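The lines below spell out each chain.
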Amino acid sequence: MADCLFCKIVNREIPASIVYEDERILAFNDINPQAPTHVLVVPKAHIATLNDVSSQDDQIVGELVRRAAAIAKTRGISAGGFRTVFNTNREAGQTVFHIHLHLLGGRAMEWPPG
Ligand code: 5GP
Ligand code: ZN
């Protein structure tokens, strides 16, 4: 989609530090990391928010989650623990309207989140 930051990263119009790619998924390091590991896992196809996910997207959403866990394993943070987050819309702090699963780890985290 034109004017979508993460579509531009998917299309290599904007550079990113890519950590994983396949036909349907791209994962890259967050530009403003909030933890030693902070990776964004995104579908290559544009979906604006979780509110726009349909049953047709069940496969890709499952792949995003499983890929985040696989990346956590490669980073050595599986056993210690990690956090996965989808922010949706304004009150959750969503700033890029192309769904992305945050994978955060490598430090202790608190709950509830701010
Ligand atoms: P949100 O607030 O929408 O859940 O998360 C958006 C994330 O995208 C933020 O953590 C932010 O640091 C990250 N981000 C924003 N612009 C860029 C960029 O150009 N490149 C990368 N790699 N991450 C970005
Ligand atoms: Zn997009």
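Above this text is the structure in question.
Now for a quick tour of the structure.

Before going further, it helps to examine the coordination of the zinc ion (ligand 2). Each angle at a metal carrying four tetrahedral donors should ideally be 109.5 degrees, and each at a metal carrying six octahedral donors should ideally be 90 or 180 degrees. Note on the zinc ion (ligand 2): its protein donors are C4 (SG), C7 (SG), H46 (ND1) and H98 (ND1). The metal-donor distances range over 2.0 to 2.3 Å. Coordination at the zinc ion (ligand 2) is tetrahedral, judged from the four donor atoms that bind it and the angles of 106 to 115° they form at the metal. In the primary structure, the donors to the zinc ion (ligand 2) are separated according to the pattern C-x2-C-x38-H-x51-H. In this pair, C4 sits in the segment before helix 1 (5–10) while H46 sits in the loop between strand 3 (37–43) and helix 2 (58–75), placing the two residues 42 residues apart along the sequence. Overall, H46 belongs to the partly exposed group, its relative accessible area being 25%.

This part covers the site of ligand 1. Neighbouring residues of ligand 1: 16 residues in total, closest D30, N87, G93, T95 and H102. In this structure, V96 approaches ligand 1 through a main-chain N or O atom, which is 3.1 Å from an oxygen atom. Here an oxygen atom of ligand 1 and a side-chain polar atom of H100 are 2.9 Å apart. Look at ligand 1: alone it shows 520 Å² of surface, and the protein chains cover 83% of it. The greatest single-element share of the shell around ligand 1, amounting to three residues, is contributed by helix 1.

Looking now at helix 2. Taking 1.5 Å as the rise per residue, helix 2 with 18 residues should run 26 Å; its terminal C-alpha atoms sit 26 Å apart, in good agreement. Among all positions in helix 2, only I60, E63, L64, A68, I71 and A72 are buried. The elements touched by buried residues of helix 2 are strand 1 (18–21), strand 2 (25–29), strand 3, strand 4 (82–85) and strand 5 (101–105).

Moving on: the sheet that holds strand 5. What links the strands of a sheet is backbone hydrogen bonding, and the strands pair in either a parallel or an antiparallel sense. With respect to topology, five strands assemble into an open sheet ordered 1-2-3-5-4, the strand pairing being antiparallel. Two strands close off the open sheet at either side, each with one partner strand: strand 1 and strand 4. With strand direction ignored, the average angle separating the axes of adjacent strands in the sheet is 20°. Relative to strand 3, strand 2 is paired through five bridges, and the arrangement is antiparallel.

Okay, unusual backbone geometry next. With omega at 5°, the peptide bond leading from W111 into P112 counts as cis. With respect to the secondary-structure elements, P112 resides in the segment after strand 5. With a phi angle near 65°, R12 is a residue other than glycine that sits in the positive phi range. Mapped onto the secondary structure, R12 falls in the loop between helix 1 and strand 1.

How each quantity is defined
Residues numbered from 1 in each chain as written. Chains lettered and ligands numbered in written order. Predicted model: local features only at pLDDT ≥ 70, side-chain atom pairs only at ≥ 80, totals over all residues. Heavy atoms only, no water. Donors = N, O, S within 2.8 Å, 3.2 Å for Na, K, Ca; no water. Tetrahedral: all angles 85-135°; square planar, octahedral: opposite > 155°, others 65-115°. Helix = DSSP H or I, 4+ residues; strand = E, 2+ residues; numbered from the N terminus. Buried < 20%, exposed > 50% of the residue type's maximum accessible area, 1.4 Å probe, protein only. Near = heavy atom within 4 Å. Polar contact = N/O pair within 3.5 Å; in protein donor to acceptor, adjacent residues only side chain to side chain. Areas by Shrake-Rupley, 256 points an atom, 1.4 Å probe, with all protein chains shown as cover. Expected span 1.5 Å × (residues − 1). Contact = heavy atoms within 4.5 Å. Pairing = 2+ DSSP bridges. Axes fitted to C-alpha atoms, helices over the stretch in contact; angles between N-to-C directions.

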